[in-house]
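Architecture at a glance
Here's the letter readout for the chains.
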Amino acid sequence: MELYELTVHELMDKLNKNEITSEDIVKSYTKRIEEKEKDIGAFVTITTDEALEKSKNVKNGNLAGIPIGIKDNLCTKGVKTTCSSKMLENFVAPYNATVVEKLEDEGMISLGKLNMDEFAMGSSTEYSAFKTTKNPWDLNSVPGGSSGGSAAAVASQMVPWALGSDTGGSIRQPSSLCGVVGLKPTYGLVSRYGLVAFASSLDQIGPITKDVEDSAILLNVLAGHDEKDSTSVNIPKKDYTKSLVKDVSKLKIGVPKEFLGEGINEEVKQSVEEAIKKYKELGATVEECTLDIANEALATYYIIACAEASSNLGRFDGIRYGYRTKNYETLKDIYKNSRSEGFGAEVKRRIILGTYVLSSGYYDAYYKKAQKVRTVIKQEFEKLFEEYDLLITPTSPTVAYKIGTKSNNPLEMYLADLCTVSVNIAGLPGISIPCGVDKQGMPIGLQLIGKPFGEETLLQAAYTYEQEIKFREKYKPQFKS
Amino acid sequence: MQVDRKEILHIANLACLNIKEEEIEEYRKNLQDILNFANIVNSVNTNNISETIGNTSNVNVFREDEIKEFKDEALLLENAPDKENNMFKIPKVI
């Protein structure tokens, strides 16, 4: 058994018993990256040399000396943060994101920065300006996105766990497509300081891990109020590992029937229905319910996310940092040409949509209306959570699809987010856990949605199911080419 | 809402983006497709519903207005495409 095959909690056990050292762990991952990265392409920047140095001298602490991979939209002092964009190809942040600071405080060691769709806009990593990451289960398929590099790196065991960010499903959907566990925390639970902003009212950072226990351990590190993020919430610190209890007997779970109907692949549907049956067997009360907002949520999401993106990405002007055109005479030329040459097509598409819905004449019909529909969506969830502790849906309408099959059709690509975006719209926590594979052996993910700050219930339900079906013991990525 | 060529050029200008002649139709069509889909929001009844502002119950988050010095000025300028005398350099504007 190689060390890279273990979960983080297994590594921690061995470290505690002095059976292994941090250096052993980092060496094991370095070797694995050398073997697999050429097939997967999960990294934008690899920092294994620095990691090996650091591993020789680790401080005390439970997580000290444990490696991690970081999505390339989280600022890391001294290491490039590119957002997989030509715009930031050479950008080195002068400070750490709060979450990165927290990892460092624990003594954790970064193995590198992970590929993504440019500025987190996409569902496949095909919109990365540098490369498309491959799905470890089938190298001709996408890993999902936008945190596709993070999910693929965890699935291919090049990192033991990783940080992702989720604006409309960007942690959960790639986790589903790569057969790993992805948690998007409640909006406000984790500080966004130092996360390159896409849509500020939707973005949230969270863990992508091999199992639910690791997810709880990493959430313990990430969660907490930060005065540098005014939207982070000041609530008492919790120990999420206390939720790792195998019991769902007191839970009442709702299954919104609209998320198992039209547009959901038949095999995905069957697998999720099997999972629902399993929850019943395990003693949970499970009922069908109604949440007829999927399409409205998707439309609302694209209006609001693009509006916020058009504003957030206004900062990229070629003056203080980032790409500057060589082709200019006036200041206006710098702005326009730097942006036009530095941003990829999908980013421009979204800036244009966002600018349109915020522009005079259309603001009321689109942006303002969408913000009202957002309230309606939140109310629909609130109603359901008066009755249920959790909701179950598929994470993605399909398993991973072949590279190149959707990248030319933005609207079709957006439909990949059908099951996940409403969770961001309402600011709720959601987790994706593997629940099976289809006939081709591609992983299928189950999404659990919780009440605001209901991560404990979410983790407990996910853990109970995971311990029962033991997905990791049964299925492994085959690196099919 | 129908988007025509003139409109897409106007929006691109507002967004400070150039669109090449051969790309105009593609961007126009993409925007049109997404707007056609997004129109579904207008079928939702939002009478007496207020807009969502922010996504948490936080209201008016205040802090003391204290100066915190960022020590590493040089690092801040390191990423600048062009600089002079500790300042960002841009073409003449007046």
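Everything numeric here is computed off the predicted structure, so don't read it as measured data.

The rules behind each value
Position numbers for residues start from 1 in each chain and track the written sequence from start to end. Each chain takes a letter, starting from A, and each ligand takes a number, starting from 1, following the order in which they are written. The model is predicted, so local features are restricted to residues of pLDDT at least 70 and side-chain atom pairs to those at 80 or more, both for listing and for counting; the totals for chains, interfaces and linings are taken over all residues. As a rule here, side-chain values come from all non-hydrogen atoms in the structure, and water together with hydrogens is ignored. Only DSSP runs of H or I with at least four residues qualify as helices, and only runs of E with at least two residues qualify as strands; both kinds are numbered from the N terminus onward. For this measure, only C-alpha atoms enter the radius of gyration; the expected value for a globule follows 2.2 Å times N^0.38, where N is the number of residues. Think of it in three bands: with a 1.4 Å probe and only protein chains considered, a residue is buried below 20% of the maximum accessible area for its type, exposed above 50%, and partly exposed in between. Only heavy atoms enter the contact rule, under which two residues are in contact if any of them lie within 4.5 Å. Working definition of accessibility: Shrake-Rupley area with a 1.4 Å probe, residue cover restricted to the visible protein chains. Buried area: the accessible surface (1.4 Å probe) lost by two parts on joining, summed over both. The salt bridge criterion pairs a side-chain nitrogen of Lys or Arg with a carboxyl oxygen of Asp or Glu, the two atoms within 4 Å. Pairing of aromatic rings covers Phe, Tyr and Trp, the last through its six-membered ring, and needs centres within 6.5 Å; plane angles under 30 degrees mean stacked, over 60 mean edge-to-face, and all others mean tilted. The nonpolar core is taken to be a set of buried Ala, Val, Leu, Ile, Met, Phe, Trp, Tyr and Cys residues, with the residues joined through side-chain atoms within 4.5 Å. Without a salt bridge and with relative accessible area above 30%, a residue can belong to a patch; like charges are then joined within 9 Å and nonpolar side chains (Val, Leu, Ile, Met, Phe, Trp, Tyr) within 5 Å. Within a predicted model, pLDDT stands for the predictor's per-residue confidence, ranging from 0 to 100. Polar contacts, as used here, are pairs of N or O atoms within 3.5 Å; protein pairs need one atom able to donate a hydrogen and one able to accept it. Residues neighboring in sequence count only if both atoms are side-chain atoms. One bridge is not enough; two strands pair if DSSP finds at least two bridges between them. Handedness of a crossover: with both strands directed away from the viewer, a clockwise path from the first strand across the helix to the second marks it as right-handed.

So, about the overall build of chain A. When you go through chain A residue by residue, the secondary structure sums to 16 helices and 11 strands. Its C-alpha atoms give chain A a radius of gyration of 21 Å, near enough to 23 Å, the size a compact globule of 481 residues would have. When the backbone C-alpha atoms are referred to their principal axes, chain A occupies close to 65 × 55 × 45 Å. A total of 481 residues make up chain A; the buried ones form 67% of that total. Restricting the contact set of chain A to residue pairs at least 6 apart, pairs at least 24 apart contribute 76%. Split by element, the accessible area of chain A, about 16,300 Å² in all, is 45% carbon and sulfur.

The accessible area lost on association of the parts is a frequent measure of interface size. At the interface, 68 residues of chain A touch 50 residues of chain B. Each partner contributes to the roughly 5,200 Å² buried at the junction of chain A and chain B, and carbon and sulfur atoms together form 66% of this total. Broken down residue by residue, the surface that chain A buries against chain B is led by Ile352, Tyr356 and Tyr366 of chain A, which jointly contribute 12%. The interface formed by chain A and chain B holds two salt bridges in total.

Aromatic ring pairs are described here by two measures, namely the spacing of the ring centres and the angle between the planes. Residue and element names in this part refer to chain A. In total, this model carries 15 aromatic pairs over all chains according to the counting rule given. Their ring planes at 10 degrees and their centres at 3.9 Å tell us that Tyr302 and Tyr414 sit as a pair that is stacked. Residue Tyr302 is found in helix 9 (residues 294–312), and its partner Tyr414 is found in helix 13 (residues 410–414); the two are separated by 112 residues along the sequence. Residue Tyr302 shares its accessibility class with Tyr414, and that shared class is buried.

Our next topic: the nonpolar core. In summary, soluble globular proteins display a tendency toward joint burial of nonpolar side chains. Residue and element names in this part refer to chain A. Core analysis: the biggest nonpolar cluster contains 177 residues, and Ile66, Phe119, Tyr279, Phe381, Ile433, Leu446 and Leu448 have the highest contact counts within it. With 12 residues, helix 9 is the largest single contributor of residues to this core. Non-local contacts of Phe381, meaning those with residues more than four positions away in its chain, are made with Leu291, Ile293, Leu391, Ser422, Ala426, Leu428 and Ile449.

For the rest of this paragraph, the subject is a nonpolar patch on the surface. A cluster of nonpolar side chains, namely Ile90, Val93 and Ile94 of chain B, defines an oily patch on the protein surface of about 350 Å² accessible area. With respect to the element layout, Ile90 of chain B can be found in the segment after strand 2 (87–88).

For the rest of this paragraph, the subject is the confidence of the model for chain B. Predicted confidence across chain B gives a mean pLDDT of 91, with 100% of residues reaching 70 or more. Of all the helices and strands in chain B, helix 3 (residues 73–78) of chain B carries the lowest mean pLDDT, 88, while helix 1 (residues 5–14) of chain B carries the highest, 96.

Let us look at the environment of Thr167 of chain A. Residue and element names in this part refer to chain A. Topologically, Thr167 is positioned in the loop between strand 4 (161–166) and helix 6 (172–178). Overall, Thr167 belongs to the buried group, its relative accessible area being 2%. Sequence-wise, Thr167 and Phe198 are 31 residues apart; in three dimensions their C-alpha atoms are separated by 7.6 Å. Excluding its chain neighbours within four sequence positions, the residues that come into contact with Thr167 are Phe198, Ala199, Leu202, Asp203, Tyr301 and Asn424. One polar contact links Thr167 to Asp203, side chain to side chain, over a distance of 2.5 Å.

Residue and element names in this part refer to chain A. For strand 2 (residues 67–71), the tally of buried residues reaches five of five residues, placing the bulk of the element in the interior. Covered by surrounding structure in strand 2 are Pro67, Gly69 and Lys71 together with Ile68 and Ile70, the residues of both alternating faces. One ladder, built from five bridges, connects strand 2 with strand 3 (residues 109–114); its direction is parallel. Residue Pro67 lies in a different strand from strand 3, and its bridge partner there is Ile109. In the classification by handedness, the crossover that spans strand 2, the intervening helix 4 (residues 98–105) and the parallel strand 3 is right-handed. Sheet analysis places strand 2 next to strand 4, joined by two bridges and oriented parallel. Counted as the bridge partner of Ile70 is Leu163 from strand 4.

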